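Coordinates in review
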Amino acid sequence: MNATGRKAKAGSGMSERPFTHQLLADMLRIRRMEEKCAELYGAQKIRGFLHLYIGEEACATGAMHALDADDNVVATYREHGHALLRGVPMDAIMAEMFGKAAGCSRGRGGSMHLFDVARRFYGGNAIVGGGLPLAVGLALADRMLGIRRLTACFFGEGAVAEGAFHEGMNLAALWRLPVLFLCENNLYAMGTALDRSESQTELCVKAASYKVPTLKVDGMDVLAVHEGTRRAAQQVRGEGGPFFVEFRTFRFRAHSMFDPELYRGKAEVEEWKKRGPIHSFSAQLKAAGELTEDGFLELDAEAEAEVAAAVAFAEAAPWEPVEDLLRDVTTPGAMR
Amino acid sequence: MRISYREAMRQALHEALANDPRVFLMGEDVGRYGGTYAVSKGFYDEFGPERIRDTPLSELGFVGAGIGAALGGMRPIVEVMTVNFSLLALDQIVNSAALLRHMSGGQVSVPLVIRMATGAGRQLAAQHSHSLENWYAHIPGIRVLAPATIADARGMLGPALADPDPVVIFEHAQLYNMEDDLRDEPNEDWACDIEHAAIRRPGSQLSLITYGGSLPKALDAAAELARDGIDVEVVDLRVLRPLDTATIAESVSRTHRAVIVDEGWRSGSLAAEVMARIVERCFYDLDAPPLRVCSEEVPIPYAKHMEDAALPQAAKIVAAVREVLNV
Ligand SMILES: Cc1ncc(C[n+]2csc(CCOP(=O)(O)OP(=O)(O)O)c2C)c(N)n1
Ligand SMILES: [Mg+2]
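As annotated in an unreviewed UniProt entry, chain B carries the name Pyruvate dehydrogenase E1 component beta subunit and comes from Aromatoleum tolulyticum. In UniProt, chain B has this text filed under Cofactor (unreviewed entry): "thiamine diphosphate".

Per an unreviewed UniProt entry, chain A is named Pyruvate dehydrogenase E1 component subunit alpha, and its organism is Aromatoleum tolulyticum. UniProt lists a comment for chain A under the heading Catalytic activity (unreviewed entry), and it reads "N(6)-[(R)-lipoyl]-L-lysyl-[protein] + pyruvate + H(+) = N(6)-[(R)-S(8)-acetyldihydrolipoyl]-L-lysyl-[protein] + CO2". Taken from UniProt, the Subunit (unreviewed entry) comment for chain A reads in full: "Heterodimer of an alpha and a beta chain."

Right, dumping it as structure tokens:
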């Protein structure tokens, strides 16, 4: 497709710029934000589990730009990029990582549970596969209420081994619900390589066994991700039933900050890094004469500035008073 | 009007479905089959397959879908056939339904009702006889109800649906055929409170505290004791989470003695929690140590005499009351 001429969608951040530049800018925003998170983790500003998306940015970036603002999104614990591109302000994400009340989940969720219901972002879910049944239910509600939107559900390939995947896939197909299943296959579930956990490593075959249409996409290529997701979304919107897209991708960093990466060799990681989504896409744009080095540096500087502002915001934000500990367990002022 | 517990529940469901288009019932065999306990008989024809939604055998999947549908603006009633199979859905109930509000910093509510049959007593053997109400009552973020009377079977569902947070309703399988009078004034509003315990039989000498399928047994025991001139108060917890400590404490501080009856196993039981609260709140009011009548610590056996021996029975309750009263 020729995406070059398109302008960035409203609400996806930043000023009017070519669509390709917006994609690049968004990948950089995720990358720079997460690099800062890793640094802040070292400084003990961010604690708990922190799962970086570095290397996989093309997936969330291409996919999010193919969704409508009104679509529902369900994600995993590796969802910083998804939240950001859904429109959650970086300030609110960073404050959440710090555990501050100004965070997008009021500091109660942390890195793995970024929520923004106003943007129909139904959260990071830290139970592998846990989001799939929720996505099915959101789509069911839309269908029953006559609302025309789809529910996009991101998950890793590890989830494919869970019952929730199979139950969710079957329900969505059986009831023909508008769920867009987006599987980020980075080949590892923590330390377990796909072929060490699945007898059938062709994930599309699994989905197809539920009569769900499938598409396998190069997850390191942001344009391919965008185009694949766009086509899949179009089919979901048109025909109502679910669709399964597999993004072939790779995480360049450890699973979490606690992972010594004993299960894979440096060579494998280095090989994948050559196909890094940011530098390969910017090289592609430069070769086509659509981007200059200065242009790239400008986008990068913008991302860095946004990150710096977000960190300053999170630093300055106050702690929630401990007296508020018991809030948000049940709905206040509720009819009883 | 004399009706069964099953009929009371059926009427409550019917009313909910008829009054609110957002309400739908989903679960295994709720539709064509008419409900495992025949509670939704006839609904499939009346409300159609969209709103009386038969599901595959996918407890995790359809309970999760119920949560998602609740997030999406519906008012799902998910029937999990029995508590025994709810173990396959426990992850979605505990890790999603109960936590989403908190993890999102208060951005969402999950207005979901989950109904399930519970309890032993029909020689269904160990895998089909669980009483795990206390597992659910342990979890902040969900409300747990145990209707044990016809009025509660009729009246609890409406308020449960109006609750913006998840509510789990336990229907003891032994109660479905129980019959009783239900007030039947015209335009009766059946809705009852889902906050408080209820005193089912006032008494002065001892508080007999129970819930669910053990309530009829406790009332039988109280009636038998009354024939011997022993005046026992029977408290029905009704709401297992949050527990109504005030009503329990008020009763015990009046009677100065307590026996707690619970079909769950003794170790880590709801009865243990009630007893702990009595000790915390009423220690100096007590004239004797409280006792518990719980299930014996054995998987529920198949053989009738063994099953009977494993469960709380009126005779055991009478004996416990006499022991506490030393009569
Ligand atoms: C039900 C469940 N089991 C185990 C875990 C621990 N765990 C967290 S992430 C993970 C690997 C998941 O891999 P994958 O789905 O491929 O996603 P990725 O981390 O690669 O993005 C595991 C096993 C969990 N969170 N939930
Ligand atoms: Mg993976």
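As a further point, take the overall build of chain A. Scanning chain A from N- to C-terminus turns up eleven helices and eight strands. Taken over the C-alpha trace, chain A has a radius of gyration of 19 Å; the compact-globule value for 336 residues is 20 Å, and the two agree within 12%. For chain A, the spread of C-alpha atoms along the principal axes amounts to about 65 × 50 × 45 Å. Looking at chain A residue by residue over its 336 residues, the buried ones come to 51%. Once local pairs closer than 6 in sequence are excluded, the contacts in chain A between residues at least 24 apart make up 73%.

This part takes up helix H14 (residues 314-325) of chain B. Because an α-helix packs 3.6 residues into every turn, residues spaced three or four apart end up facing the same way. Residues and elements named next belong to chain B. For H14, with twelve residues, the first-to-last C-alpha span of 16 Å sits near the 16 Å given by 1.5 Å per residue. Among the residues making up H14, those that are buried are Ala-314, Ile-317, Val-318, Ala-320, Val-321 and Val-324. All buried residues of H14 project into a common sector of 165° when viewed along the axis, lining one side. Against strand E10 (206-210), helix H10 (215-227), strand E11 (232-236), strand E13 (258-265) and strand E14 (291-295) lie the buried residues of H14.

Next up on the list: the sheet that holds strand E2 (residues 121-125) of chain A. Residues and elements named next belong to chain A. With parallel pairing, the six strands of this open sheet are ordered in space as E2-E1-E3-E4-E8-E7. Every interior strand has two partners, whereas the edge strands, E2 and strand E7 (214-218), have only one. Sheet twist, expressed as the mean angle between neighbouring strand axes with direction ignored, is 15°. As judged from the six bridges shared by strand E4 (residues 179-185) and strand E8 (residues 243-248), these two strands associate in the parallel manner.

Before going further, it helps to examine the environment of Val-322 of chain A. All names here are of chain A. Here Val-322 shows up in the segment after helix H11 (293-316). For Val-322, a count of 6 C-beta atoms within 10 Å translates into the label exposed. In the structure, Val-322 is positioned 180 residues away from Asp-142 in sequence and 38 Å away in space, judged by C-alpha atoms.

This paragraph deals with the domain arrangement of chain B. Residues and elements named next belong to chain B. Taken as a whole, chain B is organised into domain 1 (2-181) and domain 2 (198-325). Using C-alpha coordinates to define each centre, domain 1 is positioned 26 Å away from domain 2. Taken together, the contact pairs 24 residues of domain 1 with 22 residues of domain 2. The set of elements that each furnish at least two residues to the side of domain 1 that touches domain 2 consists of helix H7 (133-137), strand E6 (143-145) and strand E7 (167-172).

Right, let's talk about the confidence of the model for chain B for a bit. Predicted confidence across chain B gives a mean pLDDT of 96, with 99% of residues reaching 70 or more. The complex prediction reports pTM at 0.93, with the ipTM value standing at 0.89.

Residue and element names in this part refer to chain A. In this structure, E7 lies alongside E8, joined through five bridges in parallel fashion. For Leu-215, the partnering residue across the bridge sits in E8 and is Val-245. The β-α-β motif built from E7, the intervening helix H8 (residues 222-239) and the parallel element E8 has right-handed crossover chirality.

Attention now goes to the UniProt feature "domain: Dehydrogenase E1 component" (unreviewed entry) in chain A. Those places that UniProt annotates as "domain: Dehydrogenase E1 component" (unreviewed entry) correspond, in this numbering, to residues 26-320 of chain A. With 46% helix and 13% strand, the stretch residues 26-320 of chain A has end C-alpha atoms that lie 31 Å from each other.

So, on to the site of ligand 1. Not every one of the 13 residues close to ligand 1 is listed here, only the nearest: Val-128, Gly-156, Gly-158, Ala-189 and Met-190 of chain A. Its residues assigned to classes, the shell around ligand 1 shows seven nonpolar, four polar and two charged.

This paragraph deals with the nonpolar core. Counting 197 residues, the largest nonpolar core has Cys-153 and Leu-180 of chain A together with Leu-208, Val-259, Ile-317 and Val-321 of chain B as its most contacted members. Split by domain, the residues of this core number at least three in each of domain 1 (2-181) and domain 2 (198-325) of chain B. If near-sequence neighbours (up to four positions away) are discounted, Cys-153 of chain A is found in contact with Val-74, Gly-131, Leu-132, Ala-135, Val-179, Leu-180, Phe-181 and Leu-182 of chain A.

Residue and element names in this part refer to chain A. One can describe the packing of helix H4 (residues 90-98) onto H11 by two numbers: an axis separation of 8 Å at closest approach and a directional angle of 45°. With respect to their mutual orientation, H4 and H11 come out oblique. Between H4 and H11 the crossing geometry is right-handed. Of H11, the residues touching H4 (which contributes Met-90, Asp-91, Met-94, Ala-95, Met-97 and Phe-98) are Glu-306, Val-307, Ala-310, Val-311, Phe-313 and Ala-314. Class assignment of the residues belonging to the contact of H4 with H11 gives a composition of ten nonpolar, no polar and two charged.

This brings us to the pairing of strand E3 (residues 151-156) of chain A. Residue and element names in this part refer to chain A. Summarising burial for E3: six of the six residues are buried, a large majority. Here E3 shows two buried faces, one formed by Thr-151, Cys-153 and Phe-155 and the other by Ala-152, Phe-154 and Gly-156. Taken together, the three bridges between strand E1 (residues 72-76) and E3 define a ladder with parallel strand orientation. For Val-73, the partnering residue across the bridge sits in E3 and is Ala-152. Where E3 and E4 come together, six bridges link them in parallel fashion. Within E4, the position partnered with Gly-156 by the bridge is Glu-184. Regarding topology, helix H6 (residues 163-174) serves as the crossover connection from E3 to the parallel E4, and that connection is right-handed.

All names here are of chain B. Taken in spatial order, the seven strands make up an open sheet running E3-E2-E4-E5-E7-E6-E12, and their pairing is mixed. Edge strands, defined here as strands with exactly one partner in the open sheet, are strand E3 (52-54) and strand E12 (239-241). Going from strand to strand, the sheet's axes swing by 20° on average, the running direction of each strand aside. One ladder, built from five bridges, connects strand E2 (residues 23-27) with strand E4 (residues 75-82); its direction is parallel. Residue pairing across strands places Leu-25 opposite Ile-77, the latter belonging to E4. Along the sheet, helix H1 (residues 5-19) contacts E2, E4 and E7; its crossing angle with E2, the most-contacted strand, is approximately 130°.

It is worth spelling out the interface of chain A and chain B at this point. By a widely used convention, the size of an interface equals the accessible area lost when the partners come together. Listed per partner, the contact involves 37 residues of chain A and 38 residues of chain B. Contributing elements (two or more residues each) for the side of chain A that touches chain B: E2, helix H5 (131-145) and H6 of chain A. Sort the elements by how many residues they give to the side of chain A that touches chain B and H5 of chain A lands first, with eleven residues. When the residues that make up the side of chain A that touches chain B are grouped by side-chain class, the tally is 19 nonpolar, eleven polar and seven charged.

Rules used in this analysis
Residues numbered from 1 in each chain as written. Chains lettered and ligands numbered in written order. Predicted model: local features only at pLDDT ≥ 70, side-chain atom pairs only at ≥ 80, totals over all residues. UniProt positions renumbered as here; feature names shortened; annotations may be inferred. Helix = DSSP H or I, 4+ residues; strand = E, 2+ residues; numbered from the N terminus. Rg over C-alpha atoms; globule rule 2.2 N^0.38 Å. Buried ≥ 20, exposed ≤ 12 C-beta atoms within 10 Å, placed from the backbone. Contact = placed C-beta atoms within 7 Å. Expected span 1.5 Å × (residues − 1). Arc of directions from axis to C-beta. Pairing = 2+ DSSP bridges. Axes fitted to C-alpha atoms, helices over the stretch in contact; angles between N-to-C directions. Domains from an automatic or database assignment. pLDDT = per-residue confidence, 0-100. Right-handed = clockwise from strand over helix to strand, strands pointing away. Near = placed C-beta within 6 Å. Nonpolar A, V, L, I, M, F, W, Y, C, P; charged D, E, K, R; others polar. Core = buried A, V, L, I, M, F, W, Y, C linked by C-beta atoms within 7 Å. Parallel < 35°, antiparallel > 145°, perpendicular 65-115°, else oblique. Left-handed = near helix turned anticlockwise from the far one by under 90°.

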